[in-house]
Structure formats: C-alpha cells, structure tokens
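What the coordinates show
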Amino acid sequence: MLDPHDCTGRQPARVRSRLGLLLGASMLVALASACAGLGASAPDEAAGVDAGGSGPGAGGGGGDRASGAKLYGQLCASCHGQLGEGGVGKPIAGWTRGEAELVSIIDARMPTTDPSRCTGACAADVAAYILAELKGGAATCSEAPLLPRRLRLLSRREYEASVRDLLSAPGTSGAGGAGGATGTGGACKLDADCAIESESCVGGACAKDPCNLRTFVFSPGSKTYKSVHVAGDFNGWPATIGGGGWALGYVASKGIWAGKHVVDSGGHQYKLVLDEATWVVDPGNPKKSPDGFGGDNSVLDVACPAEGQPGGQGQPVGLPADLTKGFPVESRPKGFAFDDSADGGLVTSVHVDQYMKAASAIAAQALDGASALVPCQASTADAACAEALVRQLGRRAFRRPLAEPEVARYKALFGAQAAPESGLRVVLEVMLSSPHFLYRSELGEPQPDGTYRLTPYEIAGALSYQFWGTSPDPDLLLAAEQGDLSTPDGIEVQARRLLADPRSRAVAAAFALQWLGVERITGEVKSQLLFPTFEHATGVAMAEETSRFFTHVVFDGSHRLDELFTADYTFVDQPLAAFYGLPAPSGGAGQWGKVSLPPARRAGVLAHGSILGSYAHSDQTSPIRRGVFVRETLLCQPLGTPPPQAGGVPKVDPNATTRERFRQHTDNPVCKTCHQYIDPVGFGFEGFDAVGRPRDTEGGVAIDATGDLTDVERLGAGTHAAFDGLPQLAAALVSSEQLHACFALQYYRFAHGALEGPADACALQGIREAFDKSGHDVQELMVAVTRSPSFWGRK
Amino acid sequence: MTRREGVSRRQILHLLGRSALFLPFLSLLRPRPAGAAGVAKRAIFFYFPDGVAGPSQEGDPSLWHAQGSETDFTLPAQLEPLTAHKGDCVFLNGLSMGPTDSGSHPGGAKKLLTAFDGGNGESIDQMLARTAGAQAPFRHVYLGAAANANNASGDKHISYPSPGQSITPEDNPRQAFEFLFGKGGSGGSSGAAGAGGAAGSAASGPDPVEVSVIDGLLDDMKELQGKLGDTEKSKLALHFESLRQAEKRIKSAGTPPVGAPPSCGSPSLDTAGFTDEQLGDPASFPAILRAQIDLMVLAMQCGLTQVGTIQASIHTSELIMSRFVGSEMYDPSFDMRSHQASHYGAAHDPQKREFTDFVKQGRWWVSQFAYLLDQLKSRPEDGGTMLDNSVVLLCTEVCDGNTHLHDNMPFVLAGGAGGAIKTGRLLSYDGLRHGGLHASIARSMGQMIGSFGDTPQGPLPGLLSG
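Treat the numbers as computed from the prediction; the structure is a model and nothing was measured.

The next point concerns the side chain of Asp 171 of chain B. All names here are of chain B. By the secondary structure assignment, Asp 171 is in the loop between strand 6 (141-145) and helix 4 (173-181). A distance of 2.9 Å separates a polar atom in the side chain of Asp 171 from the backbone nitrogen of Ala 147. Of note is the side chain of Asp 171, whose polar atom sits 2.8 Å from the backbone nitrogen of Asn 148. Non-local contacts of Asp 171, meaning those with residues more than four positions away in its chain, are made with Gly 144, Ala 145, Ala 146, Ala 147, Asn 148, Leu 279, Ile 288 and Gln 292.

As structure tokens, then:
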C-alpha cells in the first residue's frame, strides 16, 4: 500500500514566505517529479515518453537484458507497470521509436525521481530489456516465455492445513484412495462449533464431545437457504424454528449449515427442514427408515456408555491449536498482497527450529496410539511397518511417491534407532520437516524443446494448494498417478472438483482478506475516546463479515465479481449489527445471518467495516488511504512512492470536515499531480467514519461524499465518472474493464505466488478473456488460471 | 474484551512479573569463542523508524547531530538521554547513504544495513553472523517490537541474508525466549524442546533421536539441492546453513557450561503475558521493546549469539507513541503516530504539536538505546564490561523525518569492540558513504574487509584504533 503520505500543503506563514524565496523552485520540481512528472495537463502519448530527447544517447544495442530486467523492476515498474503497460508513468511496452532514443531518454531523465540513478550502461540495459521483453499486447504470446522452475515454501496457513490433513486422513492413501475426505456427503464433514479448525467430528459428534452431543451438518451445495433446522421425535417434529426446531447455523468458511444438540440415548428419527417449508432426509446420514408418507426419515441411534469416551475409529491426531504460532511471519514483497510469495520464502534458523519443534509434537501425538497414521503398534514396529509408513505418509507429505533410494534412506533411519518407537519417531519428524514437505516443487521435467513441464504430481500439488491450501487428497494423487492431469481438460476436471468442495471456501476467504488488505482490521487500534465501542472483537467480526460475504458471493450467490461491489446485503452477527446500526440477523446470539442494507450502504464490500476501518487512521478517516486502496488494490494502478516533504496528516479540527482539511491536495498544483487520482475517489467514502459506521455530518457540517473516478481505465486517459457516495462509486467501478482485469491479475498473483512479469503477459491475457467471457464469474477465473500454460510450463 | 488505555507502568510490570518465564536449567552453554582480546566480540544493530529532527527544510539546526570538536562536544535535545554514555559512544556526523531513492523511507531501509541500492546485497548484520558470529549456537538473532505490524512488506525490514530479500524479525519476546533458551522444565528430552534452544535436558550428551532427525534432514536437503539450478540453490543455501546450525546445537548438547555467568543456568525474563492483542497494543510497546533488549543482552551474555539486530517498529510507522504511559509523549486524549509526527513541517516550530512530539519521540528512542547500553555496561566481563567487548549501532532509515534525505545520517556507534574502537568522540565525515561505517564495524569485529556495499568506500578514517 502506498504510504499515507498526506500532502496538505499547509505551512506556517513565515515558512511559506521563506520557502518561496529559498527553496521554492527546486522543491516544486522535486515534488512534481516524485509524482512521476505527470501533470494533469500532460498529453496522452501512447507508447512513448515525451517527444524530444533526440540526443545521441549512450549508444545502441548491446545492453544486458538480464541486468535490465532487474533494474526495470526496481526503477521503472512502479510507474510504468510490471509489463510496461503504464501507470502513473506512460505506457512503455511496444516502444516503436528506436533504441537510441529510448536509451537517451532513460539516460537523461529516468527515473524522474533521480535521473542520475540510471545512466550509461544502466540505461542501455533497461532499454534492451524493454525492447526485448516488453512488447505489449498479444505480440508476445506466440513465444511466451515461462516462469522459472522454483520451489515454493509453504506459508503458515498452508503448513498448518497440510499437517492437519496428513494426520486426520486415513493412512490408506494409496492408489485406490477411497477413504479420503472427498465428496460432500458425510455427517461429519466438519465440526461446526466444536472448534472447527482444530477438531474433526466422527460419526455425528466431535471427537471430544460427550457421546450424546451430536453434530448435525447440512451441505446446501449450490443452493441458498434462509434457514435449516432439525425436527424429529426428540423435539416433537416442529415445522418452524419458533416452534422448537433446532436451528443450524451457517458456517460460511465451510459453506455448510451445522449445529449440535444433546440427544438422549435410544433410537431416533428425524428430518431436516429447509426454509421452514421443505422436509428432507439428512443427506449426510445413510441410515433411513420409511416415514409412512412415501418418503424416509433419517435414523439416529444413540447408545452412550454410562461413563465413556465417544467411540470411533481413525480419530484424528490432536494437535495444539497454535501449531504455527511461533513460525516467522511471511515476508511480502512490496506490492504483493499475499502470504505465499515464492521469492519471499527464506528459511532461517527460527524456521528450522519451529519446523522441528512442530514435527516433534506431531510425531509424539501420532505415536500415542490414537492415530491411524501409523499402521502398527509403535512399540513392536518392524521394518515392514516402517516401510509402509514411509511409503504412505511420504506419498502424501511429499505429494508424490517416494523414489526407492528415498525409501531406503528412511528405512535406514528407522533401523538405526535402538527402539522401534524411536525409529518411527525419527521417520515422522524428518518427513514432516523435510524440504520435500516444506517446499512445493515446481521443478518439472525437461521437455524436448528445452523447457520444463510440471510433473503430474506437481500439478496435483499446485491445484490442491490453489484451491484448498493443503496437500493433495487421495483422489488428486490418483489422478496424477493415472495420467489424468496431462491435459488442460484433465486439470480442469480436478480444478472443478476441488472448487465444488466446501474446503475451497477457506482459501477463497483467505485470498479475499489478503487481496483487500483487511487482515489488519483484527489488530487495528482505534482511539478509545472517539470510538469507545470499537473493540478487538469488533475488528475480528468485521474480518469474518468480509470472509462470509466473499464466499457467499463466489459460491452461493451469482459468482460474479460485480456482486462483490453491488450487493445490497451483508452478513453480521448481533454485536456487529448493533455496531453498524443494522437490524440484527435472525437467530440467537452467536448466529451470523444475512441482512439487507440501507441504500447508503449498498456497495457490497466497499461498505464493510474491514475496509473502512483498515483504510483510516485511529482517530479520523483517511480519504487518502481509501483512495489509494481503490487505485492500487482494486484497479492495479500503482501511484509510485510519495514524495518527501509533503507534510503530515492535517489535524482533526472540530470546525472542519475531513474533506475540507484535505482540500489543499487539490488546490495545490504540486500535490494535485498525484492526489487528483486519490482524493476524489477517497472522498466517496466520507459517509462512513474511521470504524465503518455511517455518518451524515462531521463537526456539524453535512457530509459531502461526491467524487470523481477519473481515468478509471488508465491513468492519464482523461476520463471522468462523477459519483455521489459509495453505491455510485461501486457502480462506476463495476462498469470499468480495469476493475475486472485487476481482479484477474490479483488472483493470478495469489495463485502463482509472485508479481507478474513479461513471462505472464500472454497467460494473463488468456485468463482475462476467459473471465470476461464468463460474465466475470470468479469461479471461472479460478479455473481459467489452471488451464493456462503458465500453470504447468517452466523454463 | 476492551483494550484499556492508561495502564500504569507498574501495573504492566506487575502483570509481567507474575507470569514471567523462568527456565529451570540451561545445560548447553557454549564456551564463548575467543576473539582477539580473549573474549567474544558482539555486534548489535538497533533500529528505530522515521528519522530524527535533523536540519529542517528551513535551515533550522539539527536537534540530533552533536556539535563541537572531536573530544569537546555537546549533545542536542534528542541525544540528551545519551549524556551518561557520552564516553561510551562515537557520534558520527556527515555520513551519506547516497543519492539513490533519497527522500524515500523504503529506499533508506533497504540501504541502511546493506549499503546497496535497493537492498541488493547482504546486510552487515548477516555478513557478521556468517563470519565473526559463525561459531555461536545462533549466528544471528533478529528481534522486533511491532515490526511485523499490519503485515509489513519486506521493504520495512532491514536484515538481508541475500541480495534483495529481507527476513522478518520475531516480535514476541516469549517466542524469542523459547527459541533461544528452549522450553526446558519438562524433564527428559521432551519432544517439544526440539532442536531449538541451547537449553535441553540436564541429561548429558546429545539426544540420539534428535541427532538422527537432523542427519536425515541434511540428507534430504543435499538430495534436493542436487536437483536445482543456481537460483533455487542459492535460495536453499540459507535453509541449509540453518540446518547446519541446528545440527551443531544438537550434537553438542550436554556440553557443560563454560565461562557463562551463573545466571545463565536459570535464565528468566519478564516476557510472558504478551498476548497477540497486547503485541499490537501501543501501550504495551515499551514493555515489549524492553523485554527484547533484555533478551538480546542475555543471549549474548550467555554466549548464545554474537550478532543481533533489534528492530523497533517499522518505517512510516503507525505506532501511536502518545499512548506510552509514563513517557513525555503520553497523552490519552490525542493519538500521535510516529510517522505523523515526523512530518512536522518545514521548520522547527515549537508551536506545532507534531514538531514537539517528534523531538520527544526521538529522545524516547535514544533513551531505549541508552537502556541497552546500560545493560551491557552493567555486566562485568574480562576485567571490563560487556559493552567494552561490543559494537552497537543506533540507526534509522532517513535523516530528518520531514525531508527524508539520506545525507548526514543519524548514526551513533557505541562500545569499544574489544579495544578496536576508541569512544567518547565526535567524528564528522563530509559526505562519505555509510558503507565505510559498516566496513569499519566489520573490521572492529575482526573481519578485514576493504569495503562494504556497492561503493568502494573503505573503513572510515579515524574511527578505529591503530
């Protein structure tokens, strides 16, 4: 995010007068150039920097492209775009005016913030790179370069999910693999309110629940319901929730309805009631009995021992809830919003220590006898048992079958220990902190044309992490083994299967929070004097709102990007509804529900507290941050680095609105060069305060939330789109091409763990076309990314 | 739960004290590797954000840079907390980080410890970790206070193990303590102790399981490295090196303590009680930073590491320093953020809240540095104190917080580095590049390099003894 470098232009009087004399000229130049020298009056010259610059320059030809690529990324891309497509600076891709002129311009004037930075060889190298690689448009597609072969370190999110999946799945994950958690049936697909992330439920109850506490789960598939409740002989078959039906809550992160209730021992019959109207059998419960009306009731037999543990086989290994708490946070390159940067994944001593500690804790649990992971009694394990463990766990942990030398090495590790239990422990610990587990391999196999292609197993891994954020499940590994992932169609089949599974929702929600830059709302500190009701829990609820909303739109709603910005509803629980001043959702405390919004808030995610509060100060709103958020996050229009000496945020002034205090930005021509793109957009959010509550006045003055979304398709284009308030701003955004192109780009970055480069231009074009063709269906975008050659090709 | 303001320092200390971490034993204290003077030398880099009240745009004189001759000089307002340590420091004026990205916070942070434009080189702390500090159980310790706030991007961190790629510091003192000293206390070779920590069970000798695990991991790593091209191989180099360090710690477990003070046998630190919420609460920041300083000193005193970096907050900081209870910035009625104050305007205007607060903020950061020096100086060692055998650098990524220029950078060096540095002086360098400072620091740590960074600037004239 651009630093909130608010430029007020306010100076004390004595300063202003001296400034004019002493520093005026040079400072103005410095400020203007820091904004990339792009005045409002700059003519729109496509594919060219300023005319002129006809000097001889630093020689033509011979620049070093590789060096130029690096330099371009550091010095040029923030203004001219990663692909030379333009930004605050002009488009540079597809340069047609010759190398000598390009070199000369770079040498003399670029970067505008410091022309001395790149002269001579630097200018020649950058020019060589631009001419060779930044061709613009479709020209590069026939000879599309590829992403490099690489290793991708699991993020904390991915590590945690992978480990849990490895341990909770049955050990029999070989070819055959029917036992995995696949499909959408099964009453115990997940564990609604028994700490969803840390436990699984077995046979209708969470493993740690008392025997008679049963979990009911209903997967709505692609349908949307207002309510689901359980009615049966245990509660008198009520047709409504009001009549005593057991309401299930909607768990957006998993896309299911769930709830748990105590059921007395004995045999019971029941049904699920959808929207208090449609009676159905519990699709997750295979046991049925005729209901006497031509249909079936579901059957639930509860037989609890007097003082017993809940039974069940293949119980998951109990892991500490904060398994990755001590792991270092991921390093995120500037401009890259996500936690999965392929370049950022460096493993330090702290990482190694944490990996080994976690592996040790996991192994201890796995050997406790409770896990099906270990196919024999640990204390009497023999070499055959060890080998079975190595092959089975290895296949899932390393996302491929182990090579024979690897199996032999692990067997030797087992054999070298004095006791069989220690041997198994060593095998488990090494496997779970091995680089083969910690890094997803994208090394590929050499192809006849000198490029590389990801192996089927690597493709399975890429799919699984993109959609589920975890290791491939047995079906996916089987598809890899059977060669089903060798064609785009074969990949698509699996992509769609993963997408249809509720597990894809958690990753989609993580993507949304990272893309929007609103994870921070959970730690946001606000002024307690001004906003005493904003608590830590409020921020957490706001993030949950955005997660639920995003997954609803993408999986249960229209699937269309536009709905994210135009929805007239959101999801709240009671406290958040009260905080916002919205009607409470139906259901009791702790229940989340969909509520419709008053007209001023009908701007989808833009009116979420997560965004309004994240892009604000602790004590006031920030039209700057909000405007920059729209430009950089939603429109992929980076604004470069703010200039020094720009002045701070204007003080809160009880006699002026925020908008008035920031007026200097657009009154002052120096500030205006950048802030013309920022403030008129950010002002559109002024109807909401720094914690996301609506407001009509500020300091007694009526709020003015009018604005102008200028140059929405490209900075410098000279277009206007006046609006008043968020719903109109949202409408202007969804009618732009750039919003959709940018979203596709952001998802592509997330999926590939990297900022785009020329190697991605062709792929991006194809993906955008597919996204457009689908009517901007987000699921189709997610699938399109996997069909692109960039998904499997490497160099 | 509502976040509370106005918690007194005493309350915080009480809270921390009650739940302090105590480790019962520390069995793996290493013999301290001997430096030239017979005692290990240490290097600590202490960073704070957003510059100082330097020379203003209007030409007001700096409130940071010391004035006077080499041996007779005065400390302006922001350096006042170092008065007691005047004789322990070398005040450095006039060093430049070069024109590239001058005016930029991120540009400055990238150059600060790397002396490479764009952070395209290894940083001095990492270079020393790899060389002078290579024998210690932990080559490098990187501790932060709110230094990962708001998912800070990589350009906010200052330690670069490889060109262009920074790493993230540990912000949680409790985690850092467990990392360095191990969990201990559970008896036996508890799995939870893992490879981490120099503390394990009191049982003698390495744990055979741990030895086998690390051997197995190194085998896997070597096998993987064999498949890679150069780029990815270099990425794995740090991972490989980190495994080698773990190997060393594991295989020398049980080595009896040598040379470490008895206090290292049962280290304790007021670090517990830092919940996630507290870690992000500006009111907790001072206690967290102090805990990290204590931890760094303790780790060095106990011979666990020789090279450390402490990063207090991040550039363009949103830290609300007006919530530091008991500080001179404290004002519960007004939120003043670090970066907001740093843009105090074109002149030193005492009527302006931003300016007066910014001066106080700078002074506060310096007082924290002074506390670090206090701690080093209060620990006797080899006839002197730990400070005599250390080199400590105070730094921030720009000079004046308002102009952001990268000239006349506000560096203060402290400690004698085992006699390599003669302190109690003011040295002025007319625009020499700060890579020379890093080269000097490297030399004071026994690394005889000619220059550091992307300029040929050699060690700073007159800085080192002899």
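Let us keep going from here.
On the side of chain B, 88 residues touch chain A, which itself brings 82 residues to the contact. When the buried surface of chain A facing chain B is broken down by residue, Leu 346, Met 356 and Lys 357 of chain A rank first, second and third, together holding 8% of it. Linking chain A with chain B are 5 salt bridges, by the criterion used here. Between Glu 318 of chain B and Arg 520 of chain A there is a salt bridge, with its nearest N and O atoms 2.9 Å apart. The tally of links between chain A and chain B comes to 19 residue pairs in polar contact (both at pLDDT 80 or more). When residues of the side of chain A that touches chain B are traced back to their parent elements, those giving at least two are helix 1 (13-22), helix 3 (65-80), strand 1 (150-153), helix 7 (349-370), helix 9 (404-415), helix 10 (420-433) and helix 11 (435-438) of chain A. It is helix 7 of chain A that provides the largest number of residues to the side of chain A that touches chain B, a total of 8 residues. Its residues assigned to classes, the side of chain A that touches chain B shows 30 nonpolar, 25 polar and 27 charged.

Quick look at the sheet that holds strand 6 of chain B now. All names here are of chain B. Here we have 7 strands laid out as an open sheet, ordered 6-8-2-11-12-5-13, and mixed in their pairing. Only two strands of the sheet have a single neighbouring strand rather than two, namely strand 6 and strand 13 (425-428). Averaged over all neighbouring strand pairs, the angle between strand axes comes to 15°, with direction disregarded. Pairing of strand 2 (residues 42-47) with strand 8 (residues 307-312) involves 5 bridges; the strand directions are parallel. Pairing of Ala 43 across the sheet is with Val 307, part of strand 8. Of the strands in this sheet, strand 2, strand 6 and strand 8 touch helix 8 (residues 285-301), which is tilted by about 175° from strand 8.

Residues and elements named next belong to chain A. In this structure the tally under the stated criterion is 15 cavities of 30 Å³ or more. Put simply, the largest cavity is a space of about 200 Å³. Lining the largest cavity are 19 residues, and of these Leu 153, Val 329, Glu 330, Gly 345 and His 351 lie nearest its centre. Class assignment for the residues of the lining of the largest cavity results in 8 nonpolar, 8 polar and 3 charged.

Residue and element names in this part refer to chain A. Taken together, the side chains of Glu 713, Glu 737, Glu 769 and Asp 772 define an acidic patch exposed on the protein surface. Summarising the element assignment, Glu 737 is placed in helix 25 (residues 737-752). On the basis of relative accessible area, Glu 737 is assigned to the exposed category, the value being 64%.

All names here are of chain A. Their axes nearest at 9 Å, the elements helix 26 (residues 761-773) and helix 27 (residues 778-787) cross at an angle of 155°. The orientation of helix 26 with respect to helix 27, classified from their angle, is roughly antiparallel. Note on packing geometry: the crossing formed by helix 26 with helix 27 is right-handed. On the side of helix 26, the interface is formed by Ile 767, Ala 770 and Phe 771, while helix 27 contributes Val 778, Leu 781, Ala 784 and Val 785. A breakdown of the residues in the contact of helix 26 with helix 27 according to their chemical character gives 7 nonpolar, no polar and no charged.

Quick look at the pairing of strand 9 (residues 266-274) of chain A now. All names here are of chain A. Here strand 5 (residues 228-232) pairs with strand 9 via 5 bridges, running antiparallel. Bridging from a neighbouring strand, Val 230 pairs with Leu 272 of strand 9. As judged from the 5 bridges shared by strand 9 and strand 12 (residues 296-302), these two strands associate in the antiparallel manner. Bridge pairing in strand 12 links His 268 to Leu 300. Where strand 9 lies against strand 10 (residues 278-280), 3 bridges are found, and the strand directions are antiparallel. By the bridge assignment, Val 273 is partnered in strand 10 with Trp 279.

In the structure shown here, the tally under the stated rule is 41 aromatic pairs over all chains. A network of ring pairs unites the aromatic residues Phe 336, Phe 338, Phe 511, Trp 515, Phe 550, Phe 743, Tyr 747, Phe 750 and Phe 771 of chain A as a single cluster. For the cation-ring pair, Arg 503 of chain A lies above Trp 468 of chain A, with the distance from its terminal atom to the ring centre recorded as 3.8 Å. Looking at Arg 290 of chain B, its charged tip hangs above the ring of Tyr 371 of chain B, at a distance of 3.8 Å from the centre.

Turning our attention to the pattern of salt bridges. In a structure, side chains of opposite charge can pair up when their charged atoms sit close to one another. All names here are of chain A. This structure, assessed with the given rule, holds 57 salt bridges over all chains. Lys 357 serves as the salt-bridge partner of Asp 353, at 3.3 Å between the closest nitrogen and oxygen. Of this pair, Asp 353 and Lys 357 both sit in helix 7, 4 residues apart, roughly one helical turn. Because the salt bridges share partners, they merge into one network encompassing Arg 150, Arg 152, Asp 340, Glu 442 and Arg 794.

On to the state of the cysteines, then. Residue and element names in this part refer to chain A. Applying the stated criterion across every chain yields a total of 2 disulfides over all chains. Disulfide partner of Cys 118: Cys 122, at an S-S distance of 1.9 Å. Sign of the S-S torsion, about -100° for the bond between Cys 118 and Cys 122, identifies this disulfide as left-handed. By relative accessible area, which is 2% here, Cys 118 ends up buried. The side chain of Cys 636 participates in a disulfide bridge whose partner is Cys 742; the two sulfur atoms lie 1.9 Å from each other.

Residue and element names in this part refer to chain B. This prediction gives chain B a mean pLDDT of 84; 84% of its residues lie at or above 70. The low-confidence segment residues 1-37 (pLDDT under 50) makes 115 contacts with residues lying over four places distant or belonging to another chain. Contacts for the low-pLDDT stretch residues 183-203, under 50 throughout, to residues beyond four places or in other chains number 53 contacts.

A separate point is the sheet that holds strand 14 (residues 445-446) of chain A. Residue and element names in this part refer to chain A. Pairing is antiparallel in the open sheet, where 3 strands are placed in the order 14-15-22. Looking along the sheet, the strands with just one partner apiece sit at the ends: strand 14 and strand 22 (793-794). As judged from the 2 bridges shared by strand 15 (residues 452-453) and strand 22, these two strands associate in the antiparallel manner. Of the residues in strand 22, the one forming a bridge with Tyr 452 is Arg 794.

So, on to the environment of Phe 549 of chain A. All names here are of chain A. Within the secondary structure, Phe 549 is located in helix 16 (residues 536-556). Taking relative accessible area as the criterion, Phe 549 reaches 0% and is therefore assigned buried. Through-space distance from the C-alpha of Phe 549 to that of Tyr 569 is 8.7 Å; in sequence the pair is 20 residues apart. Setting aside residues up to four positions removed in sequence, Phe 549 forms contacts with Glu 563, Leu 564, Ala 567, Tyr 569, Thr 570, Phe 571, Gly 604, Val 605 and His 608.

Taken over all residues, the pLDDT of chain A has a mean of 80, while the share at 70 or more is 80%. Low pLDDT (under 50) marks residues 1-60 of chain A, which in the prediction has 142 contacts with non-local residues, meaning those over four places away or in another chain.

All names here are of chain A. For helix 10, spanning 14 residues, the distance from its first C-alpha to its last is 20 Å, which sits close to the expected 20 Å at 1.5 Å a residue. In terms of burial, helix 10 is a largely internal element, 11 of the 14 residues being buried. Every buried residue belonging to helix 10 is among Gly 423, Leu 424, Arg 425, Val 426, Val 427, Leu 428, Glu 429, Val 430, Met 431, Leu 432 and Ser 433, and all of these are buried.

Rules behind the numbers
Residues numbered from 1 in each chain as written. Chains lettered and ligands numbered in written order. Predicted model: local features only at pLDDT ≥ 70, side-chain atom pairs only at ≥ 80, totals over all residues. Heavy atoms only, no water. Helix = DSSP H or I, 4+ residues; strand = E, 2+ residues; numbered from the N terminus. Polar contact = N/O pair within 3.5 Å; in protein donor to acceptor, adjacent residues only side chain to side chain. Contact = heavy atoms within 4.5 Å. Buried area = accessible area lost by both parts, 1.4 Å probe. Salt bridge = Lys/Arg side-chain N within 4 Å of Asp/Glu carboxyl O. Nonpolar A, V, L, I, M, F, W, Y, C, P; charged D, E, K, R; others polar. Pairing = 2+ DSSP bridges. Axes fitted to C-alpha atoms, helices over the stretch in contact; angles between N-to-C directions. 1 Å grid on protein atoms, 1.4 Å probe; cavity = no way out; pocket = protein on both sides within 12 Å on 5 of 7 lines; lining within 4 Å. Points joined across faces, edges and corners; volume = space filled by probe spheres on them. Patch = residues over 30% accessible without salt bridge, like charges linked within 9 Å, V, L, I, M, F, W, Y side chains within 5 Å. Areas by Shrake-Rupley, 256 points an atom, 1.4 Å probe, with all protein chains shown as cover. Lys, Arg positive; Asp, Glu negative; His and termini not counted. Charge placed at Lys NZ, Arg CZ, Asp CG, Glu CD. Buried < 20%, exposed > 50% of the residue type's maximum accessible area, 1.4 Å probe, protein only. Parallel < 35°, antiparallel > 145°, perpendicular 65-115°, else oblique. Left-handed = near helix turned anticlockwise from the far one by under 90°. Phe/Tyr/Trp six-rings, centres within 6.5 Å; stacked < 30°, edge-to-face > 60°. Lys NZ or Arg CZ within 6 Å of the ring centre and 35° of its normal. Disulfide = S-S within 2.5 Å. pLDDT = per-residue confidence, 0-100. Expected span 1.5 Å × (residues − 1).

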